[in-house]
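Structure assessment
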Amino acid sequence: MSILEVNGLKKVYSTRFGGNKVEALKKVSFSVEEGEYVAIMGESGSGKTTLLNILAALDKPTGGMVKLDGWDFSRIKESAVAAFRRDNLGFVFQDFNLLDTFSLEDNIYLPLVLAGKHYAEMSQRLAPIAVQLGITEILKKYPYEVSGGQKQRVSIARALANNPRILLCDEATSALDLETTEGILALLKRINTELGVTIVFITHQLEVAQRIFDRVAVMENGVIIEQGKTFDGFAEPHHETTQALVERFLGVAVPERLVPELPVGRLVELRYKGDHAFDPLISAVSSRHGVAINVLHGNVEYFGTQPIGTLVVLVAAIREGQRGARDVEDALDELRGTVFGFKELTDAAVEEALDAPYGGGPRTAAQTKKTVQQEVLV
Ligand SMILES: Nc1ncnc2c1ncn2[C@@H]1O[C@H](COP(=O)(O)OP(=O)(O)OP(=O)(O)O)[C@@H](O)[C@H]1O
Ligand SMILES: [Mg+2]
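Now for a quick tour of the structure. Fair warning: this is a prediction, and the values are worked out from it, not measured in the lab. (Residues numbered from 1 in each chain as written. Chains lettered and ligands numbered in written order. Predicted model: local features only at pLDDT ≥ 70, side-chain atom pairs only at ≥ 80, totals over all residues. Heavy atoms only, no water.)

Some thoughts on the overall build of the chain
Regarding its fold elements, the chain presents 13 helices and 14 strands. Taken over 378 residues, the chain has a buried fraction of 48%. A total accessible area of about 18,400 Å² is found for the chain, and carbon and sulfur atoms account for 50% of it. (Helix = DSSP H or I, 4+ residues; strand = E, 2+ residues; numbered from the N terminus. Buried < 20%, exposed > 50% of the residue type's maximum accessible area, 1.4 Å probe, protein only. Areas by Shrake-Rupley, 256 points an atom, 1.4 Å probe, with all protein chains shown as cover.)

Digging into the coordination of the magnesium ion (ligand 2)
Note on the magnesium ion (ligand 2): its protein donors are T49 (OG1) and Q94 (OE1). The metal-donor distances range over 1.9 to 2.3 Å. In this pair, T49 sits in helix 1 (residues 48-55) while Q94 sits in the loop between strand 6 (89-92) and helix 3 (104-114), placing the two residues 45 residues apart along the sequence. (Donors = N, O, S within 2.8 Å, 3.2 Å for Na, K, Ca; no water.)

Regarding the site of ligand 1
Taken together, the residues surrounding ligand 1 are Y13, V22, A24, E43, S44, G45, S46, G47, K48, T49, T50 and Q94. Calculation on ligand 1 without its partners gives an accessible area of 630 Å², and the protein chains cover 63% of this total. When contributions to the shell around ligand 1 are tallied by element, the ones reaching two or more residues are strand 2 (21-33) and helix 1. If one sorts the elements of the shell around ligand 1 by residue count, helix 1 sits on top with 3 residues. (Near = heavy atom within 4 Å.)

Overview of the layout of surface pockets
Empty space within the largest pocket amounts to approximately 480 Å³. As for the largest pocket, its lining consists of 18 residues, and the residues nearest its centre are R85, L89, F93, P111 and L114. Classifying every residue of the lining of the largest pocket gives 11 nonpolar, 4 polar and 3 charged. (1 Å grid on protein atoms, 1.4 Å probe; cavity = no way out; pocket = protein on both sides within 12 Å on 5 of 7 lines; lining within 4 Å. Points joined across faces, edges and corners; volume = space filled by probe spheres on them. Nonpolar A, V, L, I, M, F, W, Y, C, P; charged D, E, K, R; others polar.)

With respect to the side chain of S2
Topologically, S2 is positioned in strand 1 (residues 2-14). For S2, a relative accessible area of 17% puts it in the buried group. A polar side-chain atom of S2 sits 2.9 Å from a polar atom in the side chain of E33. The residues contacting S2, other than those within four sequence positions of it, are S31, V32 and E33. (Polar contact = N/O pair within 3.5 Å; in protein donor to acceptor, adjacent residues only side chain to side chain. Contact = heavy atoms within 4.5 Å.)

Some thoughts on the packing of aromatic side chains
Evaluation of the coordinates by the stated rule reveals 3 aromatic pairs. A ring pair is formed by F91 and F93, whose centres lie 4.5 Å apart and whose planes are at 35°; its orientation type is tilted. Residue F91 is classed as buried on the basis of its relative accessible area of 10%. A centroid spacing of 5.7 Å and a plane angle of 75° characterise the contact between Y109 and Y119, whose relative ring orientation is edge-to-face. Note that Y109 is positioned in helix 3 and Y119 in helix 4 (residues 119-133), a separation of 10 residues in sequence. (Phe/Tyr/Trp six-rings, centres within 6.5 Å; stacked < 30°, edge-to-face > 60°.)

Section: unusual backbone geometry
In this model, K27 sits at a positive phi of 50°, which is unusual for a non-glycine residue. Tracing the backbone through its elements, the reader meets K27 in strand 2. Of note in the backbone geometry, N163 takes a positive phi value of approximately 55° without being a glycine. Examined against the element boundaries, N163 turns out to sit in the loop between helix 5 (148-161) and strand 7 (166-170).

Concerning the sheet that holds strand 6
As summarised here, the arrangement of the 6 strands in space is 6-7-8-3-9-10, forming an open sheet in which the pairing is mixed. At either end of the open sheet lies a strand with only one pairing partner, and these are strand 6 and strand 10 (223-229). Across this sheet, the average inter-strand angle for adjacent strands is 15°, counted without regard to direction. Summarising the sheet, strand 3 (residues 37-42) and strand 8 (residues 198-203) pair through 5 bridges and their orientation is parallel. Considered in strand 8, the bridge of Y37 is made with I199. Each of strand 6 and strand 7 is contacted by helix 2 (residues 78-88), which is oriented at about 75° to strand 6, the strand it contacts most. (Pairing = 2+ DSSP bridges. Axes fitted to C-alpha atoms, helices over the stretch in contact; angles between N-to-C directions.)

This is the structure:
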């Protein structure tokens, strides 16, 4: 059964004096299964915080339905909602929401005090969390005495302190450096797998969303435009916004300093997924069709645990004239049929750098090889 479910969710914000209305969510339908680890991503203003606040029952929707653990929240009493929230939900706020008049430790204890817990139990629960988050030394300080990253970690500790079944994180790592982000993502993953806590993690960063989540949903202008398993969503996105996003992220540019030196040949970007061993393919295609294939640039990104590799290669003829041109076409056909992403790079910049028109027939192998070895494979 879904632990969180929203159906046709709408949220309209109206300004205080009835001026402009903002339609922050437009018919959003989305569900999260118990034990899932889900990422929601989207540009600033796409509606992520609005959605999470409604999921946490901190805000009411204008229309549509929200169910938490099978309860329709529009139909139960506010006091029952508050009790459910206290017993089941942990929330990491985008702006931390720490009270300046309390020490960091007391900020963390607050939800536990409200839940009627005793001090001994509270400190026992906090100690290991504080160690993992690296905040033990600063617990007696006040929020205004620590950095943004430290506040963020305290806010994560507070969300974990009442042992939630569902953890909702709004940009929980946006104020942290890469190393701390890695540590926190690993901690959350452990909490998810070892304790079975359901996690919904909001981020605007693709480099965070690509990580360890089971599933990812992408929002734009109050609508979910893409959702699916993390790897599939990024390997083959359906919506043009997601496609552009992934393209920006995965696309490898040929370093500018190399462009004027490029020998004549066909420049292609190949994308492959899974554990495809690529080197054998390149040498097999090269010897089968009698062409030179040189790798100019390569990159592998992991989405979840699966890799997507991108290679920019230059395919050049070894034989002269028409026969050489045919060899190159045949080699390109084989590559095109093997990889899942094939794009010939015909950018004006690259075209201009080549002293013959694109596709205007390769030079001889000797010329190509010399330039590639001397100038490109540095
Ligand atoms: N309380 C509010 N009153 C009026 N408009 C609001 C309010 N809160 C948010 N909005 C508007 O609703 C839209 C969605 O805002 P939301 O905070 O959900 O975006 P977000 O995806 O979380 O963005 P960010 O990545 O910047 O945090 C925006 O256009 C925002 O200006
Ligand atoms: Mg937000």
